[in-house]
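# A look at the structure
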There are 2 protein chains.
Amino acid sequence: MSKEKPSIPKGTRDFGPAVVVRRNYIFSVIRRTFEKFGYLPLETPAMEQLSVLTGKYGDEGDQLIFKILNSGDFLAKTNHSDIEQGHKHLTSKITEKALRYDLTVPFARYVVMNRNDITFPFKRYQIQPVWRADRPQKGRYREFYQCDADVVGTDSLLCEAEIVQMVNEVLTTIGLTDFTIKINHRGILAGIAEAIGEKGREGDICVAIDKLDKIGQEGVRKELLERGISEEAVTKLEPLYTLEGSNKAILEQLQTILGETAEGQRGLKDLYDVWRYLSRLNSSALTAQNESGNPRLMLDVTLARGLSYYTGCIFEVKVNNVSMGSISGGGRYDNLTGMFGLQGVSGVGFSFGVDRIYDVIEELQLFPESSQVGTKALIVQFDKESEEYALPVLQRLRDEGIASELYPEPAKLKKQMGYADQKNIPYVILIGSEEMASGKLKLRNMELGEQQDVTVDEIISLLK
Amino acid sequence: MSKEKPSIPKGTRDFGPAVVVRRNYIFSVIRRTFEKFGYLPLETPAMEQLSVLTGKYGDEGDQLIFKILNSGDFLAKTNHSDIEQGHKHLTSKITEKALRYDLTVPFARYVVMNRNDITFPFKRYQIQPVWRADRPQKGRYREFYQCDADVVGTDSLLCEAEIVQMVNEVLTTIGLTDFTIKINHRGILAGIAEAIGEKGREGDICVAIDKLDKIGQEGVRKELLERGISEEAVTKLEPLYTLEGSNKAILEQLQTILGETAEGQRGLKDLYDVWRYLSRLNSSALTAQNESGNPRLMLDVTLARGLSYYTGCIFEVKVNNVSMGSISGGGRYDNLTGMFGLQGVSGVGFSFGVDRIYDVIEELQLFPESSQVGTKALIVQFDKESEEYALPVLQRLRDEGIASELYPEPAKLKKQMGYADQKNIPYVILIGSEEMASGKLKLRNMELGEQQDVTVDEIISLLK
């Protein structure tokens, strides 16, 4: 047995009780909202076949997949040549399974495997950890939770509108008020490419303008030119970065610029539809304003999102006035299950970043008191006699559903009070000889530091 | 991109919505009970350092640990000799991390790493998956959940009594009535070994009598003799397999047999203490009887439990009249953290087997209706006009907290009703031109097949 100081792998975390309870609060708000909108939970295994994951995240992604060594004599089926061909080749010989990298590919895999049993449209949510062999840094972990909701098997824009509604509901429920839901459409981006004379080049344009926040307009110009977009096109593009006015005003300007392109038309029609749904649903995403006076839902033609599989509306959500990247994002894809041979299943989905939401809630001190569940009352143990008296009291409290503990041994009072303190237990019950004689126990409110003499019945009605 | 038919690794499972919801019901009963007794949640990473896990589960266990291949060029630091020495040696060169094999070792690792911040006694529960490269078979998976509760830093027998209470509460809450909580003590087993003239041989005796259920008295006799226990000792031992009478009667018989041995004394004293606590707590584990007329809590001197680290009370729980192994078990250990160099931390813990509990509940049809959460009402969509009318209705239902959906497109009625059916949605709302004119919508109870014409307000009060 190793006696060395134990540690955990870099980029991973233990979550102690106080943190788990707060994370569960966030998960429960998200879960309740998903379910209110008709999404049902799915759970897939941590391990997937390596072949299911490989090739879905680009070359760079493939490198970041954690592979699981075959059990037993994994070298049995290899030969010298396998080893001489280097680690990439050898990997395919000694590993068959890998840890899930995201929740989207396992979802697509599940849909394809169960296509005959699933009723479409299929609305599922999934809240599970994923693993990436990324270099750990502040806010980036090798194990982290994703919270995804997707619906596949319908192209109704009601789904997009409901995603806006769900984001809005989750964030307002946890107490956020100053946030922006950015929306754009791949058709708008394709229409722009066509309108500036670079039809079909929206891929390069997206990659470049996705960096607008980070490298600024000059940086984007440089990158666009490097990617072979003409100077004339870039010059035509730039005014679009700073389109001003209400969403309606921007939509009208876009109508003028892109109205002639088929892709632009498609994007505009979809966006108008989303707006129509939200307005009919009387959504506060349309009426609420953030602190800078802009509407909560904002059309942003510079929103591109990296993932290549998006084909329709795309979303990204930022909390304003905190230094934090986007906390949610998603979009429509027309062919997610195509990677496993099932064509023509359109879907739309989005994801919450729980670690970032946690940090924002903590920074803004929005965790509710009620998210600190735990023991409500600790009964102090003085001696065997007080223990004997306390046991039925303990049982009565628990019978009433009150989480409670009897300190398990007659330790020093200071130690027992310290225990209550450390565990944030709000009430302590003290039972000395006087209390046993009178039947009135000392109930101490730990926050106020006040004590009162009360019967067990009174304690129960106070704590329930 | 692979177009092959996708699959999941053998021994792993996808959990679709209906199953997740039922599993979550079990988890929530367990979680609520743990918290009522003052246990708080801990979560540890799926990956642990390989060195933390190796050597903790015996040679056989080590083989069953899933190892994670180092990322990048994992061969860079190896040479020809590493490869020629075979897979066991090479494993240590190309893997540093592994998947958690149980929740006990990560818990011990957490306690040691955080010893200075933890207030003892430390009561934690942990509900997370574990992974084992076992050969999959019926009821045995390579990924499965464990639900553990442990308290470390006290040797009070109140903790043992509370474990009996928690098992009792969880199982009765999910509706089980005919189950047996078996209890024994390592001191009793050591005392027996001494009393039959084989002092110190309780390890071999435990391994053998642990198989009593499987191989019968003759099989155990053969194994005991093979393990070098004398024939005379085995003959003395056998009457103990069939001790009869109440727990009290058995304790009294044991007092006669083991009273002279120090270990036997220790075991008896602890068991008497557990009984004293339970009786003072008025526990139904003492008073309730199972269908065969035996008490729910039964002292069973043949209960041995395999794990070598137990030193005091041991537990095992079986549901009667179903063909299923034990659904819960645990015990006291005096030196769990010793494996990481922290001595003298006594603790006691137990674990629920969720997969087995699930199967039992399903077999006995004890899943409550309320465990089938999901969409409460589906609004059928006939055409754009009914959609327009339906949207504010949908929003009102959701504002009232009623999980509801509008079918996202005007599909055939049969298809939409099939969707409600498949998803077990109990109510369907139909809005035709007549309904729009009168404001009275058709509410269909899917189970009864009955329809009524009601206002939105009436729907809300019916569904809430």
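Being a predicted model, the structure only gives us computed values, none of them experimental. (Residues numbered from 1 in each chain as written. Chains lettered and ligands numbered in written order. Predicted model: local features only at pLDDT ≥ 70, side-chain atom pairs only at ≥ 80, totals over all residues. Heavy atoms only, no water.)

## Here we look at the packing of helix H8 (residues 186–195) of chain A against helix H9 (residues 202–209) of chain A
All names here are of chain A. Look at H8 against H9: their axes get within 9 Å of each other, and the N-to-C directions meet at 110 degrees. Classified by the angle between their axes, H8 and H9 sit roughly perpendicular to one another. Contacts from Arg186, Leu189, Ala190 and Ala193 of H8 reach H9 at Glu202, Ile205, Cys206 and Ile209. Within the contact of H8 with H9, the residues separate by chemical class into six nonpolar, no polar and two charged. (Axes fitted to C-alpha atoms, helices over the stretch in contact; angles between N-to-C directions. Helix = DSSP H or I, 4+ residues; strand = E, 2+ residues; numbered from the N terminus. Parallel < 35°, antiparallel > 145°, perpendicular 65-115°, else oblique. Contact = heavy atoms within 4.5 Å. Nonpolar A, V, L, I, M, F, W, Y, C, P; charged D, E, K, R; others polar.)

## A closer look at the sheet that holds strand E12 (residues 377–379) of chain A
Residue and element names in this part refer to chain A. Here we have five strands laid out as an open sheet, ordered E13-E12-E14-E15-E16, and mixed in their pairing. Since the sheet does not close on itself, it has two edges, and those belong to strand E13 (404–406) and strand E16 (450–454), each with one partner. With direction set aside, neighbouring strand axes in the sheet form an average angle of 20 degrees. (Pairing = 2+ DSSP bridges.)

## Here we look at the nonpolar core
Among the nonpolar cores identified, the biggest contains 126 residues, and A:Leu171, A:Leu254 and A:Phe352 are the most heavily contacted of them. Broken down by element, the residue count for this core peaks at nine residues, all from helix H7 (residues 158–173) of chain A. Not counting chain neighbours up to four residues away, the residues in contact with A:Leu254 comprise A:Ile188, A:Leu240, A:Leu243, A:Gly259, A:Leu268, A:Leu299 and A:Val301. Ranked by size, the runner-up nonpolar core spans 125 residues in total, among them B:Ile26, B:Phe37, B:Leu50 and B:Ala208. (Core = buried A, V, L, I, M, F, W, Y, C linked by side-chain atoms within 4.5 Å. Buried < 20%, exposed > 50% of the residue type's maximum accessible area, 1.4 Å probe, protein only.)

## A short note on the relation of the copies chain A and chain B
Under the fitted operation, chain A is carried onto chain B by 0.0 Å of movement along the axis and a turn of 180 degrees, and the coordinates agree to an RMSD of 0.1 Å. Overall, the copies show the geometry of a two-fold rotation axis. For chain A, the residue whose C-alpha comes nearest the rotation axis is A:Ile68, separated from it by 2.3 Å. (Least-squares fit on C-alpha atoms with pLDDT ≥ 70 in both.)

## Concerning the packing of aromatic side chains
Applying the stated criterion across every chain yields a total of 28 aromatic pairs over all chains. Centre to centre, the rings of A:Phe350 and A:Phe352 are 5.3 Å apart; their planes meet at 70 degrees, and the pair counts as edge-to-face. According to the relative accessible area criterion, A:Phe350 is buried, its value standing at 3%. With a relative accessible area of 1%, A:Phe352 lands in the buried category. Taking 5.3 Å as the distance between ring centres and 40 degrees as the angle between the ring planes, the aromatic pair formed by B:Phe34 and B:Tyr125 counts as tilted. Placement of B:Phe34 in helix H1 (residues 17–36) and of B:Tyr125 in strand E5 (residues 122–131) is noted, with a sequence separation of 91 residues between them. By relative accessible area, which is 0% here, B:Phe34 ends up buried. A relative accessible area of 2% places B:Tyr125 in the buried class. It is A:Arg13 that lies over the ring of A:Tyr141; its NZ or CZ is 3.3 Å from the centre. (Phe/Tyr/Trp six-rings, centres within 6.5 Å; stacked < 30°, edge-to-face > 60°. Lys NZ or Arg CZ within 6 Å of the ring centre and 35° of its normal.)

## Considering the pairing of strand E5 (residues 122–131) of chain A
All names here are of chain A. Among the 10 residues in E5, 10 count as buried, and that is most of the element. Judged from the two bridges that link them, strand E1 (residues 40–41) and E5 form a sheet pairing that is parallel. Pairing of proline 41 across the sheet is with tyrosine 125, part of E5. Pairing of E5 with strand E6 (residues 143–152) involves 10 bridges; the strand directions are antiparallel. Bridging from a neighbouring strand, valine 130 pairs with phenylalanine 144 of E6.

## Regarding the interface of chain A and chain B
Contacts between the two partners involve 108 residues from chain A and, on the opposite side, 108 residues from chain B. Of the roughly 9500 Å² buried between chain A and chain B on both sides combined, carbon and sulfur atoms contribute 61%. Ranking the residues of chain A by area buried against chain B places A:Glu43, A:Arg280 and A:Arg398 at the top, with a combined share of 7%. Linking chain A to chain B there are 12 salt bridges. A salt bridge links B:Lys123 to A:Glu405, with the nearest nitrogen and oxygen atoms 3.0 Å apart. Here the side of chain A that touches chain B gets nine residues from one element, more than from any other, and that element is helix H16 (residues 384–399) of chain A. Across the side of chain A that touches chain B, the residue classes tally to 51 nonpolar, 29 polar and 28 charged. (Buried area = accessible area lost by both parts, 1.4 Å probe. Salt bridge = Lys/Arg side-chain N within 4 Å of Asp/Glu carboxyl O.)

## Quick notes on the environment of A:Ile431
Residue and element names in this part refer to chain A. Summarising the element assignment, isoleucine 431 is placed in the loop between strand E14 (427–430) and helix H18 (433–438). Sequence separation of isoleucine 431 and aspartate 421 is 10 residues, and the distance between their C-alpha atoms is 18 Å. Once residues within four sequence positions are removed from consideration, isoleucine 431 is found in contact with Ile379, Phe382, Ser386, Tyr389, Ala390, Met436 and Leu441.

## Looking at unusual backbone geometry
Cis rather than trans, the peptide bond between A:Phe120 and A:Pro121 has omega equal to -5 degrees. Along the chain, A:Pro121 falls in the loop between helix H6 (104–113) and E5. We note that A:Asn321 has phi near 60 degrees; this positive angle belongs to a residue other than glycine. Relative to the assigned elements, A:Asn321 resides in the loop between strand E9 (310–319) and strand E10 (328–333). The exposure class of A:Asn321 is exposed, given its relative accessible area of 65%. Positive phi outside glycine occurs at B:Asn424, with the angle close to 55 degrees. Assignment of secondary structure puts B:Asn424 in the loop between helix H17 (413–422) and strand E14 (427–430). Taking relative accessible area as the criterion, B:Asn424 reaches 61% and is therefore assigned exposed.

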